[in-house]
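This is what each chain is made of:
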Amino acid sequence: SQLNLDVLVNTVGDRLLETFSANSAYIALVEEKTGVINFPYFKHRTDGNIVINPRTLDQGGGFTGKIYRTRQPIIHNQSSASTVAHEGEKIGSDDSDSYIGVPMIVGDKVIGVIGLNSLQEMRIYEESDIPLLSTLARTIGVALQNVLQFEDTQRRANREALVNEISQKIQNATSIE
(Lines give C-alpha, C1' and ligand atoms only; values in the text may rest on other atoms or scores of the structure.)
Protein backbone atom coordinates (compact mmCIF):
# COMPACT_ATOMS: atom_id res chain seq x y z
CA SER A 1 0.00 0.00 0.00
CA GLN A 2 3.04 2.29 0.25
CA LEU A 3 3.92 4.12 -2.98
CA ASN A 4 6.87 6.16 -1.70
CA LEU A 5 10.20 4.37 -2.25
CA ASP A 6 12.02 5.97 0.71
CA VAL A 7 9.23 5.20 3.17
CA LEU A 8 8.82 1.63 1.89
CA VAL A 9 12.55 0.87 1.97
CA ASN A 10 13.03 2.35 5.44
CA THR A 11 10.00 0.57 6.89
CA VAL A 12 10.98 -2.80 5.43
CA GLY A 13 14.67 -2.39 6.27
CA ASP A 14 13.95 -1.44 9.89
CA ARG A 15 11.68 -4.49 10.27
CA LEU A 16 14.37 -6.78 8.82
CA LEU A 17 16.94 -5.30 11.22
CA GLU A 18 14.66 -6.09 14.17
CA THR A 19 13.25 -9.44 12.99
CA PHE A 20 16.60 -11.01 12.19
CA SER A 21 18.46 -9.47 15.18
CA ALA A 22 20.93 -7.91 12.78
CA ASN A 23 23.81 -5.58 13.52
CA SER A 24 23.39 -4.09 10.05
CA ALA A 25 20.99 -4.53 7.16
CA TYR A 26 20.80 -3.35 3.59
CA ILE A 27 18.49 -3.37 0.62
CA ALA A 28 20.34 -3.02 -2.67
CA LEU A 29 18.69 -2.27 -6.00
CA VAL A 30 20.37 -2.84 -9.36
CA GLU A 31 20.00 -0.28 -12.15
CA GLU A 32 19.65 -2.60 -15.11
CA LYS A 33 20.85 -0.09 -17.73
CA THR A 34 24.02 1.00 -15.91
CA GLY A 35 24.81 -2.12 -13.88
CA VAL A 36 25.21 0.00 -10.75
CA ILE A 37 24.03 -1.34 -7.41
CA ASN A 38 22.46 1.36 -5.23
CA PHE A 39 21.74 0.95 -1.54
CA PRO A 40 18.63 2.98 -0.73
CA TYR A 41 18.72 1.35 2.71
CA PHE A 42 21.94 0.58 4.61
CA LYS A 43 21.84 0.88 8.38
CA HIS A 44 24.45 -0.23 10.87
CA ARG A 45 24.25 -0.27 14.68
CA THR A 46 27.26 1.10 16.55
CA ASP A 47 27.19 1.47 20.34
CA GLY A 48 23.39 1.27 20.33
CA ASN A 49 23.07 4.03 17.71
CA ILE A 50 22.06 3.45 14.11
CA VAL A 51 24.27 4.93 11.40
CA ILE A 52 22.95 5.29 7.86
CA ASN A 53 25.54 4.62 5.14
CA PRO A 54 24.26 5.32 1.62
CA ARG A 55 26.44 3.47 -0.90
CA THR A 56 26.79 2.68 -4.58
CA LEU A 57 28.76 -0.21 -6.14
CA ASP A 58 29.17 -1.77 -9.54
CA GLN A 59 27.89 -5.33 -10.04
CA GLY A 60 31.25 -6.83 -9.13
CA GLY A 61 31.11 -5.60 -5.55
CA GLY A 62 31.57 -8.24 -2.84
CA PHE A 63 28.84 -10.54 -1.61
CA THR A 64 26.12 -8.33 -3.11
CA GLY A 65 27.59 -8.54 -6.60
CA LYS A 66 28.11 -12.29 -6.25
CA ILE A 67 24.48 -12.80 -5.15
CA TYR A 68 23.27 -10.65 -8.05
CA ARG A 69 25.34 -12.54 -10.64
CA THR A 70 24.69 -16.08 -9.37
CA ARG A 71 21.08 -15.53 -8.23
CA GLN A 72 21.97 -17.63 -5.17
CA PRO A 73 21.84 -16.80 -1.44
CA ILE A 74 25.06 -16.62 0.57
CA ILE A 75 25.68 -17.40 4.23
CA HIS A 76 28.98 -16.52 5.84
CA ASN A 77 29.95 -17.26 9.44
CA GLN A 78 33.30 -15.95 10.66
CA SER A 79 33.48 -18.61 13.37
CA SER A 80 33.62 -21.34 10.74
CA ALA A 81 36.24 -19.31 8.81
CA SER A 82 34.52 -20.04 5.54
CA THR A 83 31.78 -18.68 3.39
CA VAL A 84 29.27 -21.08 1.91
CA ALA A 85 27.02 -20.14 -0.97
CA HIS A 86 23.74 -22.00 -1.31
CA GLU A 87 25.37 -24.64 -3.50
CA GLY A 88 28.45 -25.08 -1.30
CA GLU A 89 30.84 -22.83 -3.22
CA LYS A 90 33.62 -21.18 -1.13
CA ILE A 91 33.97 -17.45 -1.70
CA GLY A 92 36.30 -15.31 0.38
CA SER A 93 35.57 -13.71 3.76
CA ASP A 94 33.84 -10.77 5.40
CA ASP A 95 34.37 -8.61 8.50
CA SER A 96 31.06 -9.52 10.13
CA ASP A 97 30.69 -12.55 12.38
CA SER A 98 27.64 -13.72 10.46
CA TYR A 99 26.20 -12.63 7.10
CA ILE A 100 23.20 -13.74 5.07
CA GLY A 101 22.21 -12.32 1.70
CA VAL A 102 19.51 -13.29 -0.76
CA PRO A 103 18.54 -12.04 -4.23
CA MET A 104 15.28 -10.19 -4.82
CA ILE A 105 13.91 -11.98 -7.86
CA VAL A 106 10.81 -10.66 -9.62
CA GLY A 107 9.68 -12.77 -12.55
CA ASP A 108 12.94 -13.84 -14.16
CA LYS A 109 14.97 -10.74 -13.14
CA VAL A 110 17.13 -10.10 -10.11
CA ILE A 111 16.24 -6.53 -9.15
CA GLY A 112 18.33 -6.37 -6.01
CA VAL A 113 19.72 -8.03 -2.88
CA ILE A 114 18.82 -8.06 0.79
CA GLY A 115 21.75 -8.53 3.17
CA LEU A 116 22.01 -8.85 6.95
CA ASN A 117 25.13 -8.81 9.13
CA SER A 118 25.30 -9.83 12.75
CA LEU A 119 27.86 -10.03 15.47
CA GLN A 120 28.28 -13.48 16.99
CA GLU A 121 26.74 -12.43 20.31
CA MET A 122 23.64 -11.15 18.49
CA ARG A 123 22.86 -13.95 16.03
CA ILE A 124 24.51 -16.54 13.79
CA TYR A 125 22.66 -17.07 10.50
CA GLU A 126 22.04 -20.61 9.30
CA GLU A 127 20.73 -22.43 6.22
CA SER A 128 17.30 -22.54 7.90
CA ASP A 129 17.13 -18.70 7.64
CA ILE A 130 17.34 -18.75 3.83
CA PRO A 131 13.74 -19.84 3.04
CA LEU A 132 12.21 -17.12 5.25
CA LEU A 133 14.46 -14.34 3.98
CA SER A 134 14.04 -15.53 0.36
CA THR A 135 10.26 -15.47 0.68
CA LEU A 136 10.42 -11.98 2.17
CA ALA A 137 12.81 -10.89 -0.60
CA ARG A 138 10.37 -11.98 -3.32
CA THR A 139 7.49 -10.11 -1.66
CA ILE A 140 9.62 -7.03 -1.00
CA GLY A 141 10.96 -7.18 -4.57
CA VAL A 142 7.45 -7.09 -6.04
CA ALA A 143 6.50 -4.16 -3.78
CA LEU A 144 9.68 -2.26 -4.71
CA GLN A 145 9.16 -2.89 -8.41
CA ASN A 146 5.56 -1.62 -8.12
CA VAL A 147 6.77 1.56 -6.43
CA LEU A 148 9.49 2.12 -9.02
CA GLN A 149 7.00 1.63 -11.86
CA PHE A 150 4.54 4.00 -10.17
CA GLU A 151 7.25 6.67 -9.79
CA ASP A 152 8.26 6.20 -13.45
CA THR A 153 4.61 6.56 -14.54
CA GLN A 154 4.29 9.75 -12.48
CA ARG A 155 7.44 11.21 -14.11
CA ARG A 156 6.08 10.42 -17.58
CA ALA A 157 2.68 11.93 -16.72
CA ASN A 158 4.38 15.12 -15.47
CA ARG A 159 6.45 15.35 -18.67
CA GLU A 160 3.37 14.84 -20.84
CA ALA A 161 1.48 17.50 -18.87
CA LEU A 162 4.37 19.92 -19.44
CA VAL A 163 4.49 19.14 -23.18
CA ASN A 164 0.71 19.63 -23.35
CA GLU A 165 0.97 22.98 -21.55
CA ILE A 166 3.71 24.16 -23.92
CA SER A 167 1.71 22.98 -26.96
CA GLN A 168 -1.38 24.89 -25.78
CA LYS A 169 0.66 28.08 -25.28
CA ILE A 170 2.07 27.73 -28.79
CA GLN A 171 -1.39 27.16 -30.29
CA ASN A 172 -2.87 30.12 -28.41
CA ALA A 173 -0.07 32.48 -29.37
CA THR A 174 -1.23 35.38 -31.54
CA SER A 175 2.20 36.15 -32.98
CA ILE A 176 5.32 34.25 -33.94
CA GLU A 177 7.35 35.92 -31.18
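Refer to the structure printed above.
Keep in mind that what you see is a predicted model, and the values were worked out from it rather than measured. (Residues numbered from 1 in each chain as written. Predicted model: local features only at pLDDT ≥ 70, side-chain atom pairs only at ≥ 80, totals over all residues. Heavy atoms only, no water.)

Caption draft 1: Broad picture of the side chain of Lys-43. Examined against the element boundaries, Lys-43 turns out to sit in strand β2 (residues 36-46). A distance of 3.0 Å separates a polar atom in the side chain of Lys-43 from a polar atom in the side chain of Asp-14. (Helix = DSSP H or I, 4+ residues; strand = E, 2+ residues; numbered from the N terminus. Polar contact = N/O pair within 3.5 Å; in protein donor to acceptor, adjacent residues only side chain to side chain.)

Caption draft 2: Quick look at the layout of surface pockets. Of the voids in this model, the largest pocket is the one considered here, and its volume is about 810 Å³. Lining of the largest pocket is provided by 20 residues; of these, Val-30, Glu-31, Glu-32, Ile-111 and Leu-148 occupy positions nearest its centre. Sorting the residues of the lining of the largest pocket by element identifies β1 (24-31), β2, β8 (109-118) and α3 (130-172) as the ones contributing at least two each. Top element by residues in the lining of the largest pocket is α3. It accounts for 6 residues. A breakdown of the residues in the lining of the largest pocket according to their chemical character gives 8 nonpolar, 4 polar and 8 charged. (1 Å grid on protein atoms, 1.4 Å probe; cavity = no way out; pocket = protein on both sides within 12 Å on 5 of 7 lines; lining within 4 Å. Points joined across faces, edges and corners; volume = space filled by probe spheres on them. Nonpolar A, V, L, I, M, F, W, Y, C, P; charged D, E, K, R; others polar.)

Caption draft 3: Focus on the nonpolar core. The biggest cluster of nonpolar side chains holds 27 residues, and the ones touching the most others in it are Leu-16, Ile-27, Met-104, Ile-114, Leu-116, Leu-133 and Leu-144. Elements with a contribution of two residues or more to this core: α1 (5-19), β1, β7 (98-106), β8 and α3. Excluding residues within four positions of it along the chain, Ile-27 makes contact with Val-9, Val-12, Gly-13, Asn-38, Phe-39, Pro-40, Tyr-41, Met-104, Val-113, Ile-114 and Leu-144. If you look at the next biggest cluster of nonpolar residues, it comprises 13 residues, including Phe-39, Ile-67, Ile-74 and Val-110. (Core = buried A, V, L, I, M, F, W, Y, C linked by side-chain atoms within 4.5 Å. Buried < 20%, exposed > 50% of the residue type's maximum accessible area, 1.4 Å probe, protein only. Contact = heavy atoms within 4.5 Å.)

Caption draft 4: Focus on α1. The first and last C-alpha atoms of α1 sit 21 Å apart over 15 residues, in line with the 21 Å expected at 1.5 Å per residue. Buried within α1 are the following residues: Leu-5, Leu-8, Val-9, Val-12, Gly-13, Leu-16 and Leu-17. Take α1 and look down its axis: the buried residues cluster within an arc of 155°, on one side only. Residues of α1 that are exposed and point over 90 degrees away from its buried face: Asp-6 and Glu-18. (Expected span 1.5 Å × (residues − 1). Arc of directions from axis to C-beta.)

Caption draft 5: Spotlight on the pattern of salt bridges. Under the counting rule described, the total for this entry stands at 3 salt bridges. Ionic pairing is found between Asp-14 and Lys-43, a salt bridge with its closest N-O pair at 3.0 Å. Taken together, the positions of Asp-14 in helix α1 and Lys-43 in strand β2 put the pair 29 residues apart, joining distant regions of the chain. Residue class for Lys-43 comes out buried when judged on its relative accessible area of 11%. Residue Glu-165 pairs with Lys-169 through a salt bridge whose shortest N-O separation is 3.5 Å. Of the two residues, Glu-165 and Lys-169 both sit in helix α3, 4 residues apart, roughly one turn of that helix. For Glu-165, a relative accessible area of 41% gives the class partly exposed. (Salt bridge = Lys/Arg side-chain N within 4 Å of Asp/Glu carboxyl O.)

Caption draft 6: Quick look at the packing of α1 against α3. Viewed as axis vectors pointing N to C, α1 and α3 meet at an angle of 170°, and their least axial separation amounts to 10 Å. With respect to each other, α1 and α3 are oriented roughly antiparallel. For the pair α1 and α3, contact is made by Leu-5, Leu-8, Val-9, Val-12 and Leu-16 and by Leu-133, Leu-136, Ile-140, Ala-143, Leu-144, Val-147, Leu-148 and Glu-151, respectively. Grouping the amino acids of the contact of α1 with α3 by side-chain chemistry returns 12 nonpolar, no polar and 1 charged. (Axes fitted to C-alpha atoms, helices over the stretch in contact; angles between N-to-C directions. Parallel < 35°, antiparallel > 145°, perpendicular 65-115°, else oblique.)

Caption draft 7: Summary view of the environment of Ile-140. Tracing the sequence through the fold places Ile-140 in helix α3. Here Ile-140 falls in the buried class, since its relative accessible area comes to 10%. When the C-alpha positions of Ile-140 and Ile-114 are compared, they lie 9.4 Å apart, and in sequence the two are 26 residues distant. Sequence-distant contacts of Ile-140, defined by excluding residues within four places in its chain, comprise Val-12, Leu-16, Met-104 and Ile-114.

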